[in-house]
Every structure is written in structure tokens, then in C-alpha cells.
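This is what each chain is made of:
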Amino acid sequence: YMHTEIPEGLKRLPGPRPLPIIGNVLEVQNNPHLSLTAMSERYGSVYQIQIGMRPVVVLSGSETVRQALIKQGEDFAGRPDLYSFKYINDGKSLAFSTDKSGVWRARRKLAMSALRSFATLEGSTPEYSCALEEHVCKEGEYLVKQLTSVMDVSGSFDPFRHIVVSVANVICGMCFGRRYSHDDQELLGLVNMSDEFGKVVGSGNPADFIPFLRYLPNRTMKRFMDINDRFNTFVQKIVSEHYETYDKDNIRDITDSLIDHCEDRKLDENANVQVSDEKIVGIVNDLFGAGFDTISTALSWAVVYIVAYPEIQERLHQELKKKVGMNRTPRLSDKTNLPLLEAFILEIFRHSSFMPFTIPHCTVKDTSLNGYFIPKDTCVFINQWQVNHDPELWKEPSSFNPDRFLSADGTELNKLEGEKVLTFGMGKRRCIGEAIGRNEVYLFLAILLQRLRFQEKPGHPLDMTPEYGLTMKHKRCQLKASLRAWGQEDKF
Ligand code: HEM
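Throughout this document, residue positions are counted from 1 along each chain, in the order its sequence is written. This being a predicted model, a pLDDT of at least 70 is required before a residue's local features are given, and a value of 80 or more before pairs of side-chain atoms are given or counted; all residues contribute to the totals for chains, interfaces and linings.

Colleague: I keep staring at the overall build of the protein chain and nothing clicks. Help me out?
Modeller: Elements are defined by DSSP. Helices are runs of H or I of four residues or more, strands are runs of E of two residues or more, and each kind is numbered from the N terminus. Counting its regular elements, the protein chain contains 18 helices and eight strands. Taking the principal axes of its C-alpha atoms as reference, the protein chain extends roughly 80 × 60 × 45 Å. Out of the 492 residues belonging to the protein chain, those deemed buried represent 43%. Excluding contacts between residues fewer than 6 apart, the proportion of contacts in the protein chain whose partners are at least 24 apart in sequence is 72%. Any residue with 12 or fewer other C-beta atoms within 10 Å of its own C-beta is exposed, any with 20 or more is buried, and the rest are partly exposed; the C-beta atoms used are placed from the backbone. The contact criterion used is a C-beta to C-beta distance within 7 Å, with each C-beta placed from the backbone.

Colleague: Looking at this structure, I do not really get the environment of Arg265. What am I missing?
Modeller: Following the sequence through the fold, Arg265 ends up in helix 10 (residues 254-265). Judged by the 15 C-beta atoms lying within 10 Å of it, Arg265 is partly exposed.

Colleague: What's the story with the sheet that holds strand 3 (residues 361-362) in this structure? I'm lost.
Modeller: Strand pairing in a sheet relies on backbone hydrogen bonds, with the paired strands running either antiparallel or parallel. One requirement defines pairing of two strands: DSSP has to find at least two bridges between them. Taken together, the four strands give an open sheet; going across it, the order is 1-2-6-3, and neighbouring strands pair in mixed fashion. Looking at the sheet topology across the chains shown, the edges are occupied by strand 1 (46-51) and strand 3. As paired strands, strand 3 and strand 6 (residues 379-382) are joined by two bridges and run antiparallel to one another. In the strand pairing of strand 6, Cys362 is matched with Cys379.

Colleague: Help me out: how do you make sense of the packing of helix 8 (residues 194-201) against helix 9 (residues 219-245) in this one?
Modeller: What describes two packed helices is the angle between their axes and the distance between those same axes. Comment: axis = line fitted to C-alpha atoms, over the contacting stretch for helices; angle = value between 0 and 180 degrees taken between N-to-C directions. Remark: helix 8 packs on helix 9, axes separated minimally by 9 Å, with the N-to-C direction vectors making an angle of 115°. The crossing of helix 8 and helix 9 is left-handed. Two secondary-structure elements touch here, helix 8 through Glu196, Phe197, Lys199 and Val200 and helix 9 through Thr220, Met221, Arg223, Phe224 and Ile227. Here a crossing is called left-handed whenever its near helix is offset anticlockwise from the far helix by less than a right angle, and right-handed whenever the offset is clockwise.

Colleague: Explanation requested: the nonpolar core in the structure shown.
Modeller: Burial of nonpolar side chains together is a common tendency in soluble globular proteins. By definition, a nonpolar core groups buried Ala, Val, Leu, Ile, Met, Phe, Trp, Tyr and Cys residues that connect through C-beta atoms lying within 7 Å of each other. With 126 residues, the main nonpolar core has Ile171, Leu287, Leu299 and Leu445 as its most contacted residues. In terms of residues, this core owes the most to one element, helix 12 (residues 283-308), which gives 16 residues. Beyond its immediate sequence surroundings of up to four residues, Leu445 is in contact with Leu299, Ala302, Leu341 and Ile345.

Colleague: Is there a simple way to think about the pairing of strand 2 (residues 54-59) in this case?
Modeller: Strand residues, when the strand is regular, have side chains that alternate between the two faces of the sheet. For strand 2, a buried count of five out of six residues is recorded, marking the element as mostly surrounded by other parts of the structure. Summarising the sheet, strand 1 and strand 2 pair through six bridges and their orientation is antiparallel. Bridge pairing in strand 2 links Ile51 to Arg54. Note that strand 2 and strand 6 share four bridges and pair parallel. When the sheet's bridge partners are listed, Val56 is paired in strand 6 with Cys379.

Colleague: What is the right way to read the site of the ligand from this model?
Modeller: We call a residue near a molecule or strand when the C-beta position, derived from backbone atoms, sits within 6 Å of it. Near the ligand there are 26 residues, and of these Ala95, Gly425, Cys431, Gly433 and Gly437 occur at the shortest range. Among the elements that take part in the shell around the ligand, helix 12 stands out by supplying seven residues, more than any other. Three classes are used: nonpolar for Ala, Val, Leu, Ile, Met, Phe, Trp, Tyr, Cys and Pro, charged for Asp, Glu, Lys and Arg, and polar for all others, with Gly counted as polar. Partitioned by chemical class, the residues of the shell around the ligand number 15 nonpolar, seven polar and four charged.

Colleague: Hey, could you run me through helix 17 (residues 434-451) in this one?
Modeller: Because each turn of an α-helix spans 3.6 residues, side chains separated by three or four positions in sequence point in the same direction. One less than the residue count of a helix, multiplied by 1.5 Å, gives the span that helix is expected to have. With 18 residues, helix 17 ought to run about 26 Å at 1.5 Å a step, and its terminal C-alpha atoms sit 26 Å apart, in line with that. The buried fraction of helix 17 is high, at 13 of 18 residues.

Colleague: What am I meant to see in helix 5 (residues 131-154) here?
Modeller: In this model helix 5 runs 34 Å from its N-terminal to its C-terminal C-alpha over 24 residues, within 8% of the 34 Å that 1.5 Å per residue would give. Residues of helix 5 that are buried sit in contact with helix 4 (101-120), helix 6 (159-176), helix 17, strand 7 (452-456) and strand 8 (479-483).

Colleague: Help me out: how do you make sense of the packing of helix 4 against helix 12 in this one?
Modeller: Running from amino to carboxyl end, helix 4 crosses helix 12 at an angle of 60°, the nearest separation of the two axes being 10 Å. Classified by the interaxial angle, the pair formed by helix 4 and helix 12 is oblique. For helix 4 against helix 12, the interelement crossing comes out right-handed. Contacts from Arg107, Leu110, Ala111 and Leu115 in helix 4 reach Ile283, Asp286 and Leu287 in helix 12. Residues of the contact of helix 4 with helix 12, tallied by class, amount to five nonpolar, no polar and two charged. Should an angle lie under 35 degrees it is considered roughly parallel, over 145 roughly antiparallel, and from 65 to 115 roughly perpendicular; all remaining angles are considered oblique.

Colleague: What am I meant to see in the environment of Ile345 here?
Modeller: Note on placement: Ile345 falls in helix 14 (residues 339-352). On the basis of neighbour count, Ile345 is assigned to the buried category, with 25 C-beta atoms found within 10 Å. Between the alpha carbons of Ile345 and Leu299 there is a distance of 9.3 Å; along the sequence they are 46 residues apart.

Written as C-alpha cells, this is what we have:
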């Protein structure tokens, strides 16, 4: 690219000078969200780095990101062919593969309709407004029981270890029609390895860009391949069982509905895009993977912030006590009456920015942005962390302050302020699980905050430094929790 012609009227992208072979790896390393944010202060909201020999365009600033992903969404809707992506879901991932636009679009539509049927539509009884609510209410109750029983036995617990099972059970319920016990070794082995997955897939992993690094002994990379194998084997087994018991008159879950789509399509000769059965049923892999790692990371951060800010925990509990009471489980319909809880969740998304970059994008044709030329097939990083900490956009961006999203009297959520937080990407590749993600985080938190009081374990101070990855995790920790009195006991 250094030598490519720049079309007339367009400018060459600014950026740091690359070293031979490794490019700018040394400047980007370790915490790319921080180093690439610092570079945006120097080079502006569109600039180019080189990772290995490969040019990467980095976008920051709310306006620039909006311009690229929404106004020029078509140009920026591709995914780059990165080395690690080939191992995800056998190279057939909806989110990470380089599917051409027709195939990707058809799969995305199918995934969205499957989620609608098994999350947002009705639950098994009229008692619940939708399947998601039913799953989360039940798993939330189990989680409270599980945490109190671990407290009785051990005196403290690792929040992520338990949250991830509850969250996995919700998505397992929708995808596979089943749940697992908190001691199930197969599920535990799988979901507790997600840290390594995120470390490899996070934007800027040098091995994705510099071929010889792949041949060096590398523990993280080996674990990454192990996880993908275990993950695929786990899902494959469940999918086979579904094929064996499939009944077109009784579609039980998302897996059945995808199998059903394959059967239907064989009758439809006019289908204009051909998508293989494997790529259709493989969608369930993406939904399951995306559905537990993101949400369990969000919830685990939320619990850690609750412990770090005990006065906010008390205010959140009081809000629940007043608006929901202590005699029933909170529901989705309570959300609009709980502005502080909504503000708290927005501030977790903003302050932690636990998904610091979206999944990497790629230009699908020659294009330009803010007057700079960007050729076809250029890898593009979207810096969500920068947008969420931009001093142009936020007052005191580094302080954790849920009140920034509330009206002055604290009674109302400021929706416009909330929309500035960038967590789910935007435009054509925007997360398809956003509504589920927001509702699930809200409902689990409401249940936990109503029933439990969380505290630090003495002698085990929290370390809130994030570990960089696709989803950034806090260090594993030990916390304490105690049951709050239910309504009945309150009266005595
Ligand atoms: C993509 C965030 C939950 C399914 C994404 C992207 C982000 C994101 C940032 C990439 C957008 C881009 O590349 O521009 C989150 C967060 C979640 C969450 C923060 C929870 C708090 C979920 C859930 C599901 C899901 C629950 C499904 C059940 C997907 C899929 C994609 C995606 C399939 C790929 C879309 C595509 O490439 O077209 N998500 N997500 N996500 N998400 Fe989520």
C-alpha cells in the first residue's frame, strides 16, 4: 500500500512509520485498546498501522465510526481472512468467516429469525412474557441458591465460575432445549476456557498477521485450537441427537428450527442463494458461543463493580426494594421503573468497554473516509473503547458514575446519553443478540441485587485491571455474598 496510487483528490492515510517485517507490532502490543487510543490523539480518527506486513485501518471517534459503519455501511461490511478465524466453527462461522455478502446476509437473517422464535416469543406458560424471561428467572433463582450453598460450604466464591454456567444454561435452553447442573464437568470444562478464546481472537493478535509466529511453540494458540475442537465436538454431538429425534411437527428449539429450514429449502427451487446444510445448522455454534461469553463477561464485571462501589450497591438494592418489593422475582416489565439499574448497566458497558473493539471488519471495495483513500480488502479495527472514553463525548470519562445517565433529580434515564455508549457495534454487522444481551444482563442483575449482598473477601483485594481480548475479563477473584431478608421476614 505504501506504493499504491492514491486516486486524485484523496489523501494518503496518516500513521506511525512501520518497521520492516513486524510493522508497528511493538507499539500496539499488550493493550491495543489503550495504545490505539493514544495513537488516535496523535493521528486523528482515521489512521493506518501495519501489523506484520499487513496494513490495518483504525477508526475512532463517534462521527467517523458512524460514517463508516452506517452511511458507508456496505463498503465496510466484510470480515478479513485472519489466521485464527479459520479455526472458529471449522471456518464456517457466521460472525468470523469471510462469507460473501449474499451467503452472510441469508445466514444472518436465519439466525435473527431463530432467535426471535426461541427468545422473544412466548415462554412455555403465560406466566412469562417470553422464553428469555422464563429461562433467566429460573436460572437466576438457581444461581442465588448455588451461591448461598457455596458460601455455606466454602465461605467465598469465584463469581465468573458460577455466572458462566447460569448464562450458558439460558442459551443452551434456547439453542438445545436443555440445561446443565452447576457441577457438570463437560459444560464446565467448555465454558471456563473462554478466556483463551478471547485472547487469540482479540483485534491485533500478532499471530493473525505475521505468518512465522504461527510456527513458534505457543501455549495460548494451542489452547485456542483445543477450545475450538472441544466446542465443535460438544455442539456436534447435540446436533446429531437433534437430527435423530427431529420431528417437523414439533420444533423444540433453535437447532430443530435450523434443521427444519434445511428440509424446507430442499422443496424451494427458487432460492436465489445456495447455503449448505452445514452452514445453516452451524449457525447454532455462533449463537451458543456469542450467547454465553459476552453476557457472562458483562455480568461478572457488574458483580465486581457492585463490590467495588458498595454505596451504589445499596442504592440499587433500595430501588429494587421500593419498585419491585421483596415478595416476587423481578421481571422484564419492571425495567422501565428501575432507572438506576439501567444507568448502572450502561455505565458498566461504557467504563469497562469489555468489548474494546468490534470483531475486525474489512472493506469490500476501494473506498474513502474523511478524504482518505482505503483500498479494497483492508482490515479495519473499530475502537469502541476510544468512543466510550472520548473526552469530547464524556465528562470525566475515567470515573465510574452511573448518575451521568440519569436526569438531575435521579428519577429518569437519559436515553440520548445512553445511546452514545458503543458496545454492540453498529450498522450492517451490528450484534444480532443486542436485545437479548441487554435484557439478560438486566434481569440476572435485578435478581442478584434483590436477593444478595455482595462483598469483598477480607485479604483478597479486587484487581480490576482488564486482560485484553475480544472480550476483556477481570482477574479471577473470591467474593462473599449473604442473603437479604425476603418480604415476609421483613415484617417481623
Ligand atoms: C456480533 C457485542 C450478545 C450474537 C457482535 C459484535 C459485537 C457484539 C461488538 C461485533 C459487531 C461488529 O463486528 O461490528 C455483544 C455484546 C453482547 C452480545 C456486548 C452481550 C452483552 C450476543 C448474543 C448473541 C450474539 C446474546 C446471540 C445469541 C452475535 C452474532 C454476531 C455478533 C451472531 C455476528 C454478527 C455478524 O457478523 O453479522 N456482538 N454481543 N451476541 N453478536 Fe453479539
